[in-house]
Amino acid sequence: MFIDQLKEAIEGEYKAYHFYQSMYGLTKDPLWKDFIKHAYEDEKSHYEMFQQLHYILTGKFVQNPRKPLPRYELKACAKQALLDELESVELYKVMLLTIPIPQAYNPLFIALHDEMEHAIRFSTMYNALE
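The shown structure was predicted, so the numbers you read here are calculated from the model rather than taken from an experiment.

## Thoughts on the environment of Ser-45
Phase 1: Positionally, Ser-45 belongs in helix 2 (residues 30-58).
Phase 2: Under the relative-accessibility criterion, Ser-45 is labelled partly exposed at 33%.
Phase 3: The sequence separation of Ser-45 and Ile-110 amounts to 65 residues, and the corresponding C-alpha distance is 9.8 Å.

## Topic: the packing of helix 1 (residues 2-24) against helix 2
Phase 1: Closest axis-to-axis distance for the helix 1/helix 2 pair is 8 Å, and the angle between their directions is 155 degrees. Viewed along their axes, helix 1 and helix 2 adopt a mutual orientation that is roughly antiparallel. Relative to helix 2, the crossing made by helix 1 is left-handed.

## Digging into a nonpolar patch on the surface
Phase 1: Residues Tyr-105, Phe-109 and Ile-110 make up a contiguous nonpolar surface patch of roughly 260 Å² in combined accessible area.
Phase 2: Tracing the backbone shows Phe-109 in helix 4 (residues 105-128).

## Looking at a negative patch on the surface
Phase 1: A grouping of Asp-4, Glu-8, Asp-84 and Glu-87 is seen on the molecular surface, where their side chains present a negatively charged patch.
Phase 2: Tracing the backbone through its elements, the reader meets Asp-4 in helix 1.
Phase 3: Its relative accessible area of 57% is what places Asp-4 among the exposed residues.

## A closer look at the nonpolar core
Phase 1: The biggest cluster of nonpolar side chains holds 19 residues, and the ones touching the most others in it are Tyr-20, Met-23, Ile-36, Leu-74, Phe-122 and Met-125.
Phase 2: Once residues lying within four places of it in the same chain are set aside, the contact partners of Leu-74 are Met-23, Leu-26, Thr-27, Trp-32, Ile-36, Met-125 and Leu-129.
Phase 3: Judged by nonpolar contacts, the second largest core, of 17 residues, contains Leu-6, Tyr-14, Val-62 and Tyr-92.

Scoring rules and cut-offs
- Residues numbered from 1 in each chain as written.
- Predicted model: local features only at pLDDT ≥ 70, side-chain atom pairs only at ≥ 80, totals over all residues.
- Heavy atoms only, no water.
- Helix = DSSP H or I, 4+ residues; strand = E, 2+ residues; numbered from the N terminus.
- Buried < 20%, exposed > 50% of the residue type's maximum accessible area, 1.4 Å probe, protein only.
- Axes fitted to C-alpha atoms, helices over the stretch in contact; angles between N-to-C directions.
- Parallel < 35°, antiparallel > 145°, perpendicular 65-115°, else oblique.
- Left-handed = near helix turned anticlockwise from the far one by under 90°.
- Patch = residues over 30% accessible without salt bridge, like charges linked within 9 Å, V, L, I, M, F, W, Y side chains within 5 Å.
- Areas by Shrake-Rupley, 256 points an atom, 1.4 Å probe, with all protein chains shown as cover.
- Salt bridge = Lys/Arg side-chain N within 4 Å of Asp/Glu carboxyl O.
- Lys, Arg positive; Asp, Glu negative; His and termini not counted.
- Charge placed at Lys NZ, Arg CZ, Asp CG, Glu CD.
- Core = buried A, V, L, I, M, F, W, Y, C linked by side-chain atoms within 4.5 Å.
- Contact = heavy atoms within 4.5 Å.

Right, here's the structure in full:
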C-alpha cells in the first residue's frame, strides 16, 4: 500500500514540476512568477526525495511518467494547481500515518508542509486574477 502511494506521489511530483514550469511562462507578474518558481523548485525536490525513498524500499526507481500538456490560461492553471496541491496534502497525511521505515518521515513531512504552502500561494493567485 505505502509503495503504491509513494509511486503515485512520485508521478504527481513529476507532473507538477512540469506543469508549473509551463505555467511560469504564462505571466509577467514578478510575484506570480516567484510563487510558481518556488512551487516548481519544491516539486523537483520532493520528486528527488521520494525517488530516493522508493529506491531504499524497493531497490529501483520509478520510471518517469509522461509530461502533462502545456497550459495556456493562468487562472485555470492556478485553480488546477490549488486542487492538485490539496489532493497531495490528503495523500501525504495518509502516508505519514503508515510510514514503514524512519527514513520516510522527513521527506513526507517536508512535502506535506510545502504542499500546504503551495495551496496558499495558488489560492492567493487564483483569487487575485481576473
